[in-house]
Amino acid sequence: MSDQRVAVITGASRGIGRAVALRLAKEGRHVVLSARSQGPLDELKGEIEAAGGAATVKAVDISDRAALAAMIESVASELGRLDVLVNNAGITRDNLILRMSDEEWDDVISTNLTSVFVACRAAARPMMKGKFGRICNIASTSGLVGNAGQANYAAAKSALTGFTKTIARELGGKNITANVIAPGFIQTDMTKDLPAAVTDHVKALMAVRNLGEPEDIAAAVAYVTSDDARFVTGQTLAVDGGMTMC
Ligand code: NAI
């Protein structure tokens, strides 16, 4: 078994997940890059390896429970260990409550919440076996303070806090920590189509008066998944330029 820690990152093909993968690889982790489509993951793997890092690609649709669990199990069996899990992949299907369809609700709950349960359940055993684990679930400030048009998304992201605190309590005695990072507005594909009026409004709500970059989230993930953060667990850290301060 290699002594290099193995970190699985879902939604690694772009945006925040991509930045997290690059950061963890730079810090010496063997990163397992996961998302739906293989092409961008292969490209990222090439970039990481060219910089001297180690990466493996595992394409999977996280809304497929069996496929997601099998992916996590295959990492532990093929690489011999699983140390870090970053549940980052997520979607939005925004609509006001009066118009929100069952499908919009179910898609977001399945992708943003149920997948985190499935991945953590599958990862817990190899982490216990390795006597080390760092779980980081990516939520959102929408889950902390709500956001009109995002009842499904805010419900899923908010639920991650209670879920993460609970597994932190269950697994803490095994040297496994679990924390939530709640990004504010970060410049990625998810936010690129917002009208200028919305981004201007959001900037005005922020203490730092600017949107964040994926690397701002990656830095926080790097800390809570580091060996140094062994005494930090069950926390939700908003990385939002001082938008919520809660
Ligand atoms: P993005 O839309 O740029 O990237 C999302 C990633 O998740 C992509 O790699 C995509 O392939 C993957 N993904 C989506 N559905 C998937 C599925 N069913 N199976 C496998 N992979 C899937 O999003 P972004 O902005 O990088 O967001 C990453 C995380 O951060 C999400 O959980 C999002 O909710 C959260 N977040 C983002 C904020 C922002 O301002 N960009 C703010 C707050 C939270």
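Throughout what follows, the structure given in this document is the object of discussion. As the structure is a computational prediction, the values presented were derived from the model and not from experiment.

**Let's talk about the overall build of the protein**
Helix and strand counts for the protein stand at 8 helices and 7 strands. For a compact globule of 246 residues, the expected C-alpha radius of gyration is about 18 Å, and the protein comes in at 17 Å, within 12% of that figure. With the principal axes as the frame, the protein shows a C-alpha extent of 50 × 35 × 35 Å. The buried share of the protein, reckoned over its 246 residues, is 51%. Long-range pairs, those at least 24 residues apart, make up 73% of the contacts in the protein with a sequence separation of at least 6. Both charge centroids of the protein, one from 26 positive and one from 27 negative side chains, sit 7 Å from each other.

**Some points on the site of the ligand**
Neighbouring the ligand are 29 residues; Ser13, Asn88, Tyr153, Ile186 and Thr188 lie closest to it. One of the backbone nitrogen or oxygen atoms of Asn88 is found 2.6 Å away from an oxygen atom of the ligand. Lys157 places a side-chain nitrogen or oxygen 2.9 Å from an oxygen atom of the ligand. Within the complex, the protein chains bury 96% of what would otherwise be the 820 Å² of accessible surface of the ligand. Secondary structure elements with two or more residues in the shell around the ligand: helix 1 (15–26) and helix 6 (151–171).

**Some points on helix 8 (residues 214–224)**
Among the residues of helix 8, those classed as buried are Pro214, Ile217, Ala218, Ala220, Val221, Ala222 and Val224. On its buried face, helix 8 sits against helix 1, strand 4 (84–87), strand 5 (133–138), strand 6 (176–183) and strand 7 (236–239).

**Some details on the sheet that holds strand 1 (residues 6–10)**
Overall, parallel pairing links the 7 strands, which are arranged 3-2-1-4-5-6-7 in an open sheet. Edge positions in the open sheet fall to strand 3 (54–59) and strand 7, since each of these has one partner strand only. Geometrically, the sheet is characterised by an average inter-axis angle of 20° between neighbouring strands, direction not taken into account. Sheet topology note: the strand 1/strand 2 (residues 30–35) ladder contains 5 bridges and is parallel.

**Remarks on the environment of Asn175**
Its place among the elements puts Asn175 in the loop between helix 6 and strand 6. Owing to a relative accessible area of 35%, Asn175 belongs among the partly exposed residues under this scheme. Once the C-alpha coordinates of Asn175 and Thr236 are considered, the two residues, 61 residues apart in sequence, prove to be 19 Å apart. Ignoring any residue separated from it by four or fewer positions in sequence, one finds Asn175 in contact with Lys131, Phe132, Gly133 and Arg134.

**With respect to the packing of helix 3 (residues 65–79) against helix 4 (residues 102–130)**
In the contact formed by helix 3 and helix 4, the axes pass within 9 Å of each other and the chain directions differ by 25°. With respect to each other, helix 3 and helix 4 are oriented roughly parallel. In terms of crossing hand, the pair formed by helix 3 and helix 4 is right-handed. Taking contact as the criterion, the partners of Arg65, Leu68, Ala69, Ile72, Glu73 and Ala76 in helix 3 are, on helix 4, Thr114, Ser115, Val118, Ala119, Ala122, Ala123 and Pro126.

Definitions and cut-offs
Residues numbered from 1 in each chain as written. Predicted model: local features only at pLDDT ≥ 70, side-chain atom pairs only at ≥ 80, totals over all residues. Heavy atoms only, no water. Helix = DSSP H or I, 4+ residues; strand = E, 2+ residues; numbered from the N terminus. Rg over C-alpha atoms; globule rule 2.2 N^0.38 Å. Buried < 20%, exposed > 50% of the residue type's maximum accessible area, 1.4 Å probe, protein only. Contact = heavy atoms within 4.5 Å. Lys, Arg positive; Asp, Glu negative; His and termini not counted. Charge placed at Lys NZ, Arg CZ, Asp CG, Glu CD. Near = heavy atom within 4 Å. Polar contact = N/O pair within 3.5 Å; in protein donor to acceptor, adjacent residues only side chain to side chain. Areas by Shrake-Rupley, 256 points an atom, 1.4 Å probe, with all protein chains shown as cover. Pairing = 2+ DSSP bridges. Axes fitted to C-alpha atoms, helices over the stretch in contact; angles between N-to-C directions. Parallel < 35°, antiparallel > 145°, perpendicular 65-115°, else oblique. Left-handed = near helix turned anticlockwise from the far one by under 90°.

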